[in-house]
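As a plain string of letters, each chain reads:
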Amino acid sequence: VDFCGSAPYMPNSSHKNQQRRPIPDEEDATFPKRFGITAIRGCMVLQVRDENGTILSDPSYQLDEGKKPPKGNKRFVRVALDAAQYAADANGTGSPLGLDVYKSLNIVIRRHGRENNFKATLETIRSLLSGGTTD
């Protein structure tokens, strides 16, 4: 299971003609504006399918020796949205767009595996606070 972010991507023409940047994009505060990113919502990837509907994220598919290559170039990703952020958007304390922000989400952003440990860290902290042990 991957924990990711989802964002609307609406490219503007200004990023096409940019020169080599001395600041990496991840450290540049103008990145969202340059690339049309207006919101980011946390999500958890539940399933990835190809154009035929074959579940690519199924472990049995990945282990199958005689598997056919995925069909087409498009991938369909089923995600579980961050419930707390969704509630905030629904009651008006999140995005100014409210629930309409979810209509424009069209890319999934995945972090590197080493950096993608938030849920495991959170579960460990919860366990320690409730008196559990982490053997």
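Details of the structure are given in the entry above.
One structure accompanies this document, and this report is about it. Quantities reported herein were computed from a predicted structural model and do not represent experimental measurements.

**Some details on the pattern of salt bridges**
- All told, the structure shown has 2 salt bridges when counted by the stated rule.
- Salt-bridge contacts for Asp89 lead to Arg41; the nearest nitrogen and oxygen are separated by 2.9 Å. Of this pair, Asp89 sits in helix H3 (residues 83-90) while Arg41 sits in strand E2 (residues 41-49), and the two are 48 residues apart along the sequence.
- Relative accessible area serves as the criterion here: at 1%, Asp89 is assigned to the buried category.
- For Lys103, the salt bridge identified is with Asp100, shortest N-O distance 3.4 Å.
- You can call Asp100 partly exposed: its relative accessible area is 45%.

**Description of the side chain of Ser95**
- The residue Ser95 is located in the loop between H3 and strand E4 (107-110) in this model.
- The contacts of Ser95, once residues within four sequence positions are left out, are Arg41, Asp89 and Val101.

**Quick look at the environment of Gly72**
- Note on placement: Gly72 falls in the loop between helix H2 (59-63) and strand E3 (76-81).
- Exposure remark for Gly72: the relative accessible area of 34% places this residue in the partly exposed category.
- Between the alpha carbons of Gly72 and Asn52 there is a distance of 8.1 Å; along the sequence they are 20 residues apart.

What counts and how
- Residues numbered from 1 in each chain as written.
- Predicted model: local features only at pLDDT ≥ 70, side-chain atom pairs only at ≥ 80, totals over all residues.
- Heavy atoms only, no water.
- Salt bridge = Lys/Arg side-chain N within 4 Å of Asp/Glu carboxyl O.
- Helix = DSSP H or I, 4+ residues; strand = E, 2+ residues; numbered from the N terminus.
- Buried < 20%, exposed > 50% of the residue type's maximum accessible area, 1.4 Å probe, protein only.
- Contact = heavy atoms within 4.5 Å.

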